[in-house]
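Given next are the chains, with one letter for each unit.
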Amino acid sequence: MTKMDRMKGAAALPLNTILAGDCVAEMAALPAGSVDLIFADPPYNLQLKGDLRRPDNSRVDAVDDAWDRFEGFSSYDSFTRAWLREARRLLKPDGAIWVIGSYHNIFRVGAALQDEGYWILNDVVWRKSNPMPNFRGKRLTNAHETLIWASRSEGARYTFNYEALKALNEGIQMRSDWVLPICTGGERLKDAAGEKAHPTQKPISLLHRVLVGCTKPGDVVLDPFFGTGTTGAVAKMLGRDWIGIEREESYRTVAETRIAQVRKFDKAALEVTRPKRAEPRVPFGQLVERGMLRPGETLVSATGKSARVRADGTLVGLDVTGSIHQVGAALEGAPSCNGWTYWHFVRDGVTVPIDVLRQQIRAEMQGSG
């Protein structure tokens, strides 16, 4: 695909818009390879038999809408394969999909994902910190839902902001079990009658974690079962473009009003922790070339060692010559050394790590990119 083709495809996308209609038909009208991430919350096919009631005989507001009714497993499977096929066509080569479901449907969806050529990366258990009780007392309380994260195909590249999710989790590697509350209180959207606007509204926290972890600012996020627009609201806040598909007019109305009131975070707030390997490489010699350090200048370490800078970006200290890492390791008698944090220079009586100079160059490189 040429640059011109990509520009035409981007121009054809109805960005930041809710499309009204059947998800399969609406996806079929979108250009192939145009979407970075898909978050899908499809019908769960709950197969409810009659009303669900509490011990006091009051009726539970469960999911009994027409959009969740299918004739049987066969019709649900056909529907699942159809929308997954279109979703895969829309994904860019490095795109990915997240699908959420319950025990009623997620295993069938998972099999369909694999049959359609996706490659499952993780399944995530969303453990609800405040689940609805099991009123009949005949089964365990359903306290979780399952999300499947998959790339477009085996071996395909995909976005994963590992360091950002680790930072979100107080410096601990993010696990595949997420303890988050369901929508309650002010987050739960209501209709004009004061009733829940949607029976399965997903919490902002869930979409925030998915989008921070698996997208970048400017990415296009598609939600083919848009509902009341949680995906669009979070995408807008985080500086991502979005496309929603929703056939129910009442949900579209709520979503449009909701998203119109959302403000995008400022650019600085959208920055996330990046892995070191993703940062631009800056050779130590570049600091010398640019005059940030001068040939003959002395660098010092916290342990009292010293070395002099040479014009080719190497150091000389005592009887050893080499890179900032080699000389630091030799002087300390260590197998290795991170010279960027080991060596310091002195300006106006203040000792400063040479890594400060490297970060200045990186900031310039990223600002011009």
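My aim in this report is to walk through the structure given alongside it, one point at a time. What you see is a predicted model; the values in this text were computed from it and never measured.

## Considerations on the sheet that holds strand β7 (residues 220–223)
Strand pairing in a sheet relies on backbone hydrogen bonds. The paired strands run either parallel or antiparallel. Spatially, eight strands are ordered β1-β8-β7-β2-β3-β5-β4-β6 in an open sheet, and the strand pairing comes out mixed. The sheet terminates laterally at β1 (17–20) and β6 (177–180), the two strands that pair on one side only. On average, each strand axis in the sheet is tilted by 20° relative to the strand beside it, whichever way the strands run. Bridge count for β7 against strand β8 (residues 241–246) is four bridges, and the pairing is parallel. Bridge pairing links V221 to W242 in β8. Seen against the sheet, helix α7 (residues 230–237) touches β2 (35–40), β7 and β8 and runs at an angle of roughly 170° to β8. Each of β1 and β8 touches helix α8 (residues 249–260); the most contacted strand, β1, lies at about 175° to it.

## What to know about the pairing of strand β5 (residues 144–151)
The buried count for β5 comes to seven of eight residues, which makes it a mostly enclosed element. Sheet analysis places strand β3 (residues 91–101) next to β5, joined by six bridges and oriented antiparallel. Counted as the bridge partner of W98 is W149 from β5. For strand β4 (residues 119–128) and β5, the ladder comprises eight bridges, and the chain directions are antiparallel. By the bridge assignment for β5, W119 is matched with S151.

## Digging into the packing of aromatic side chains
One pass over the structure, following the stated rule, counts eleven aromatic pairs. Between F226 and W242, the aromatic rings sit 5.3 Å apart at their centres with planes inclined by 10°, giving stacked as the arrangement. Taken together, the residues F226 in the loop between β7 and α7 and W242 in strand β8 connect sequence positions 16 residues apart. Owing to a relative accessible area of 4%, F226 belongs among the buried residues under this scheme. Between the aromatic rings of Y342 and W343, the centroid separation amounts to 4.8 Å while the plane-to-plane angle is 90°, which identifies the pairing as edge-to-face. Taking relative accessible area as the criterion, Y342 reaches 12% and is therefore assigned buried. Given the relative accessible area of 0%, W343 is considered buried.

## Concerning the nonpolar core
L37, W98, L147, W178, L206 and L211 are the most contacted members of the largest nonpolar core, which totals 35 residues. Among the elements that line this core, the one with the most residues is helix α6 (residues 204–214), at six residues.

## What about the pattern of salt bridges?
Counted according to the given criterion, the structure contains 14 salt bridges. Linking R108 and D77 is a salt bridge whose minimum nitrogen-to-oxygen distance equals 2.7 Å. Placement of R108 in helix α4 (residues 106–115) and of D77 in helix α3 (residues 73–90) is noted, with a sequence separation of 31 residues between them. Judged by its relative accessible area of 33%, R108 is partly exposed. Taking the shortest distance from any N to any O, the salt bridge between E364 and R290 comes out at 2.8 Å. Separated by 74 residues along the polypeptide, E364 in helix α13 (residues 355–367) and R290 in the loop between α10 (284–289) and β9 (298–300) bring together distant segments of the chain. Taken together, the shared-partner salt bridges connect R294, E297 and R347 into one network.

## Description of unusual backbone geometry
Residue N16 is not a glycine yet carries a positive backbone phi of 55°. Of note, N16 is situated in the loop between α1 (3–12) and β1. Residue L318 is not a glycine yet carries a positive backbone phi of 50°. Its place among the elements puts L318 in the loop between β11 (315–317) and β12 (320–322). L318 gets classed as exposed once you look at its relative accessible area, which sits at 80%.

Reading the values: the criteria
- Residues numbered from 1 in each chain as written.
- Predicted model: local features only at pLDDT ≥ 70, side-chain atom pairs only at ≥ 80, totals over all residues.
- Heavy atoms only, no water.
- Pairing = 2+ DSSP bridges.
- Helix = DSSP H or I, 4+ residues; strand = E, 2+ residues; numbered from the N terminus.
- Axes fitted to C-alpha atoms, helices over the stretch in contact; angles between N-to-C directions.
- Contact = heavy atoms within 4.5 Å.
- Buried < 20%, exposed > 50% of the residue type's maximum accessible area, 1.4 Å probe, protein only.
- Phe/Tyr/Trp six-rings, centres within 6.5 Å; stacked < 30°, edge-to-face > 60°.
- Core = buried A, V, L, I, M, F, W, Y, C linked by side-chain atoms within 4.5 Å.
- Salt bridge = Lys/Arg side-chain N within 4 Å of Asp/Glu carboxyl O.

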